[in-house]
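# Topology and contacts: notes
Take a look at the letters that make up each chain.
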Amino acid sequence: MQRSTLDLWVGLFVIAGIGALVVLALKVGNLSSQTTGDTYEITAHFSNIGGLKPRAPVKSAGVVVGRVADIIFDTQKYEAKVTFKIDKRYQFSKDTSASILTSGLLGEQYVGLETGGDSAMLKPGDSITITQSAVVLEKLIGQFLYGKAQEGAADKK
Amino acid sequence: MFSRGAVVDIRSIGHSTIDSVLRLGYASRFLALTVLGSGVSFRRFRLVIREIYFTGVLSLIIILVSGLFVGMVLGFQGYQTLQTYGSESALGVLVALSLVRELGPVVSALLFASRAGSAMTAEIGLMKATEQLSAMEMMAVDPISRVIAPRFWSGIISMPLLAAMFSAMGVFGGYLIGVVLIGVDEGSFWSQMQSAVDYREDVLNGVIKSFVFGVAVTWIALFEGYDAPPTAEGVSGATTRTVVTSALVILGLDFVLTAFMFRGV
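For the structure given in this document, a descriptive report is provided here.

### Overview of the overall build of chain A
When helices and strands are counted, chain A shows two helices and eight strands. Its helices and strands taken in sequence order, chain A reads α-β-β-β-β-β-β-β-β-α from the N to the C terminus. Counting every position in chain A, which comprises 157 residues, the buried fraction comes to 25%. When contacts within chain A are restricted to residue pairs at least 6 apart in sequence, long-range pairs at least 24 apart make up 63% of them.

### Considerations on the overall build of chain B
Each helix and strand counted, chain B has 10 helices and zero strands in total. Overall, chain B shows an N-to-C arrangement of helices and strands of α-α-α-α-α-α-α-α-α-α. With respect to the three principal axes, the spread of C-alpha positions in chain B is 65 × 60 × 35 Å. By residue count, 46% of the 265 residues in chain B fall in the buried class. Restricting the contact set of chain B to residue pairs at least 6 apart, pairs at least 24 apart contribute 87%.

### Brief notes about the environment of Thr83(A)
In this fold, Thr83(A) is placed in strand β4 (residues 79-87). Note on Thr83(A): 17 C-beta atoms within 10 Å, which makes it partly exposed.

### Some words on helix α8 (residues 186-196) of chain B
Counting buried residues along α8(B), eight of its 11 residues qualify, which places the element largely inside the surrounding structure. Within α8(B) the residues assigned to the buried category are Gly187(B), Ser188(B), Phe189(B), Trp190(B), Ser191(B), Gln192(B), Met193(B) and Gln194(B).

### A word on the sheet that holds strand β6 (residues 109-114) of chain A
Residue and element names in this part refer to chain A. The sheet built from eight strands is open, its strands ordered β7-β1-β4-β3-β2-β6-β5-β8 with mixed pairing. For this open sheet the edge positions go to β7 (127-128) and β8 (130-132), each flanked by a neighbour on one side alone. Here strand β3 (residues 63-74) runs beside β4; their pairing, made up of eight bridges, is antiparallel. In the sheet register, aspartate 74 faces β4, and the bridge partner there is glutamate 79.

### Notes on the interface of chain A and chain B
Counting residues at the interface gives 28 residues for chain A and 32 residues for chain B. Breaking the side of chain A that touches chain B down by element, the ones donating at least two residues are α1 (3-29) and β3 of chain A. Within the side of chain A that touches chain B, the residues separate by chemical class into 18 nonpolar, five polar and five charged.

### Looking at the nonpolar core
Counting 74 residues, the largest nonpolar core has Leu24(A), Ala96(B), Ala164(B), Met165(B), Val217(B) and Leu222(B) as its most contacted members. Elements with a minimum of two residues in this core: α1 of chain A together with α3 (45-55), α4 (60-84), α5 (91-129), α7 (143-182), α8, α9 (199-227) and α10 (232-261) of chain B. Dropping the residues within four chain positions of it, Leu222(B) is found in contact with Met120(B), Ile124(B), Ile148(B), Arg151(B) and Phe152(B). Residues Leu52(A), Ala56(A), Ile100(A) and Leu113(A) belong to the second largest nonpolar core, which totals 22 residues.

### Notes on the pairing of strand β1 (residues 39-46) of chain A
Residue and element names in this part refer to chain A. Two strands pair when backbone bridges link them, and β1 and β4 are joined in this way by eight bridges, in the antiparallel orientation. Looking at β4, one finds that histidine 45 is bridged to lysine 81. Taken together, the two bridges between β1 and β7 define a ladder with parallel strand orientation. Of the residues in β7, the one forming a bridge with alanine 44 is isoleucine 128.

Conventions used here
- Residues numbered from 1 in each chain as written.
- Chains lettered and ligands numbered in written order.
- Predicted model: local features only at pLDDT ≥ 70, side-chain atom pairs only at ≥ 80, totals over all residues.
- Helix = DSSP H or I, 4+ residues; strand = E, 2+ residues; numbered from the N terminus.
- Buried ≥ 20, exposed ≤ 12 C-beta atoms within 10 Å, placed from the backbone.
- Contact = placed C-beta atoms within 7 Å.
- Pairing = 2+ DSSP bridges.
- Nonpolar A, V, L, I, M, F, W, Y, C, P; charged D, E, K, R; others polar.
- Core = buried A, V, L, I, M, F, W, Y, C linked by C-beta atoms within 7 Å.

What follows is the structure in structure tokens.
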């Protein structure tokens with residue numbers, strides 16, 4: 001085989017191998033999200049986001065309408081500030097409420113949007129004011145047990 | 001004290017033990033000579049590049065196709081099981097972790113041993129049988145540094161690259177089946193994968209594994225070739241032994257490495 005062809009193939013091989021390593025490290029390991037299509041950003045504050053992660057889906061009526069772009073801790077409100085990237089095709093009213101829900105009992109967490117009755121629409125950069133935090137299972141069980149104990153005490157009386 | 005038959009049996013056990021220890025000693029000495037004699041392969045890197053073409057580039061097809069299919073099968077089977085627990089969004093994690101940690105390095109090393117390792121053994125065994133190696137020595141060319149060392153380094157360089165391509169291809173196969181065909185949510189497929197796969201813990205350990213396998217497979221293949229009896233039968237036996245020994249060594253080493261790497265996880 002000609003020397004130059006051989007060099008070319010080996011060069012391609014090494015580049016492809018290193019490329020695969022980079023893909024594994026960045027795409028499979030962790031890399032900032034890349035979104036397709038036109039989107040606009042909306043923010044919302046939650047007192048507890050539970051296990052919500054960036055790139056988690058944002059759903060309305062079960063349909064994926066966007067993704068969580070960024071989650072930061074707001075030091076002024078002491079709450080989590082979540083930024084969503086919503087598909088341009090979908091518009092939501094000003095009084096839309098956002099809640100963090102879980103798909104299935106142990107599934108991943110996503111954001112559910114429920115639109116309100118306001119005729120004015122959310123504009124890019126707007127903030128959703130009505131939010132509902134993630135349900136923390138331990139707290140729920142704690143409340144349930146506490147309630148049961150109260151009931152029991154009331155029955156004894 | 002013992003009957004004659006027992007004495008013969010015990011003697012044969014001792015004989016085979018001494019034989020295998022001797023062989024291990026020869027193999028270690030061979031490895032040491034190869035490493036010591038590899039100065040030439042770095043001064044004349046062209047020799048190594050030529051061998052990378054034969055061991056790495058020509059193994060690409062089998063590695064890529066196998067990786068794709070392993071990933072696709074993982075996608076199907078993983079989905080079947082995860083779906084029972086309603087957590088099919090974890091499919092990406094399952095596919096990526098099993099490929100990057102285990103299947104990528106191990107399966108590509110097994111394929112590498114049977115594709116490139118056997119070829120190396122046959123080539124060197126035949127060189128020896130046709131007295132090409134002796135001819136080199138006659139011309140004051142050290143066959144170890146001229147023939148063996150470049151192949152050794154080409155194997156070490158190719159193996160991690162092939163394993164990485166295998167894993168990347170497998171993840172793509174899992175994506176094809178999971179997201180494109182079955183319809184698992186694309187965002188959760190990638191996001192859960194990215195949050196679960198750690199760059200150092202998983203990807204780097206996979207690379208270390210494939211590097212170790214690369215050393216082991218090329219060492220075995222080269223030694224079997226160099227040590228083969230110079231007959232047609234001897235070369236064919238050596239080729240068979242390369243594949244069998246490499247497979248066993250890869251799986252054994254994989255267990256040991258896994259036990260060390262993921263002990264705390």
